[in-house]
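Coordinates in review
Letter by letter, the chains look like this.
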Amino acid sequence: VFLDWKELMRVYKFKFPDLGTKLKLRDVNGNKYEKVVNTGPETLNHVRDLFCFCSFTSLRYSDMANLKRSNVFPDHILITTQKTSDMLKIELNDYALAILDKYRDQKFPNNKALPVLSNQRMNEYIKEMGEICSLNTPETVTYYIGNKRYDEIHPKWALLGTHTGRRTFITS
């Protein structure tokens, strides 16, 4: 699962409502339902920024979470990836630069460049973010048990996770 450019821009520009706000949303079949926002806008803004940063830079969650201010330069980042130990120079586009600039004057533990949450929490919040942003395009998940095929339809937001950002970069 990945976001197309229009969906990514919807998430990037979205103004999250206050905690407890009741939203009127639509499911994959177009039926209306109501959702109460369970997470505050500050947390959802952090999650959105981290997700979008991965989408704009191709970074895996682990590499984004380990990104230190010393890895950040005016137009690129230098990072040694956790998975492959490769040293990468990644050019930064205006969107990634804007996200880094947003957190420039804030202090984070271990001189991190971004306000990192745990991978598990990020995955939970990314789904809520996607639902609030109405990323409800039907997505089919196919799996097999033995030789029997099963197809399940889910709204896109229910399938989002931290790795969706990397896949979004690759397909955009």
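The following paragraphs examine the structure supplied in this document. No experiment lies behind these values; they were computed from the predicted model shown.

Turning next to the packing of helix H2 (residues 41–57) against helix H5 (residues 119–132). Contact pair H2 / H5: the axes reach a minimum separation of 10 Å and the direction vectors enclose 100 degrees. Considering the angle they form, H2 stands roughly perpendicular to H5. In contact with Thr43, Leu44, Val47, Arg48, Leu50 and Phe51 of H2, H5 contributes Met122, Tyr125, Ile126, Met129 and Ile132.

Turning our eyes to something else, we now look at the packing of H2 against helix H4 (residues 94–102). Where H2 contacts H4, the two axes come as close as 9 Å, and the packing angle between them is 145 degrees. Like other packed secondary-structure pairs, H2 and H4 cross with a definite hand, here left-handed. In this structure, H2 uses Asn45, Arg48, Asp49, Cys52, Phe53, Phe56 and Thr57 to contact H4, whose residues at the interface are Tyr95, Ala96, Ile99, Leu100 and Lys102. Of the residues belonging to the contact of H2 with H4, the class tally is seven nonpolar, two polar and three charged.

What follows is about the environment of Leu19. Within the secondary structure layout, Leu19 lies in the loop between helix H1 (5–13) and strand E1 (22–26). In sequence terms Leu19 and Thr39 are 20 residues apart; their C-alpha atoms lie 5.6 Å from each other. With sequence-adjacent residues up to four places away left out, Leu19 is seen in contact with Val37, Asn38, Thr39, Gly40 and Pro41.

Our focus in this paragraph is the side chain of Glu128. Here Glu128 is to be found in helix H5. Although buried, Glu128 forms no salt bridge, and the nearest oppositely charged side chain, Lys35, lies 4.2 Å from it. Aside from chain neighbours lying at most four places away, what touches Glu128 is Lys35, Val37, Asn38 and Thr39.

On to H1. Since the α-helix turns once every 3.6 residues, residues separated by three or four places project in the same direction. When H1 is considered as a whole, its buried residues turn out to be Glu7, Leu8, Met9 and Val11. Tucked into the core, H1 has its buried residues touching H2, H4, H5 and helix H6 (162–171). The opening residue of H1, the one whose side-chain oxygen lies 3.2 Å from the backbone nitrogen of Lys6, is Asp4.

Cut-offs and rules
For every chain, the first residue of the written sequence is number 1, and numbering continues from 1 onward in sequence order. Owing to the predicted nature of the model, reporting of local features is limited to residues with pLDDT of at least 70; listing and counting of side-chain atom pairs is limited to 80 or more, with chain, interface and lining totals taken over all residues. Side-chain metrics rest on all non-hydrogen atoms present in the structure, leaving aside hydrogens and water. Fitted lines through C-alpha atoms serve as axes, helices being fitted only where they are in contact, and the angles separating the N-to-C directions of these axes extend from 0 to 180 degrees. Numbering goes from the N terminus for both helices and strands, where a helix is a DSSP run of H or I of at least four residues and a strand is a run of E of at least two. These descriptions rest on fixed angle ranges, namely under 35 degrees for roughly parallel, over 145 for roughly antiparallel, 65 to 115 for roughly perpendicular, and the rest for oblique. Whether two residues are in contact is decided by their heavy atoms, any of which lying within 4.5 Å being enough. Two helices crossing with the near one rotated counterclockwise from the far one by less than a right angle form a left-handed crossing, whereas a clockwise rotation gives a right-handed crossing. Any residue outside Ala, Val, Leu, Ile, Met, Phe, Trp, Tyr, Cys, Pro, Asp, Glu, Lys and Arg is labelled polar, Gly included; the first ten of those are nonpolar and the last four are charged. For each residue, the accessible area found with a 1.4 Å probe, counting protein chains only, is set against the maximum for its type, and the residue is called buried under 20%, exposed over 50%, and partly exposed in between. By the counting scheme adopted, Arg and Lys are positive, Glu and Asp are negative, and His together with the chain ends is not counted. Any Lys or Arg side-chain nitrogen located within 4 Å of an Asp or Glu carboxyl oxygen qualifies as a salt bridge. Side-chain atoms alone can form a polar contact between residues adjacent in sequence; in general such a contact is a pair of N or O atoms within 3.5 Å, and within protein one must be able to donate a hydrogen while the other accepts it.

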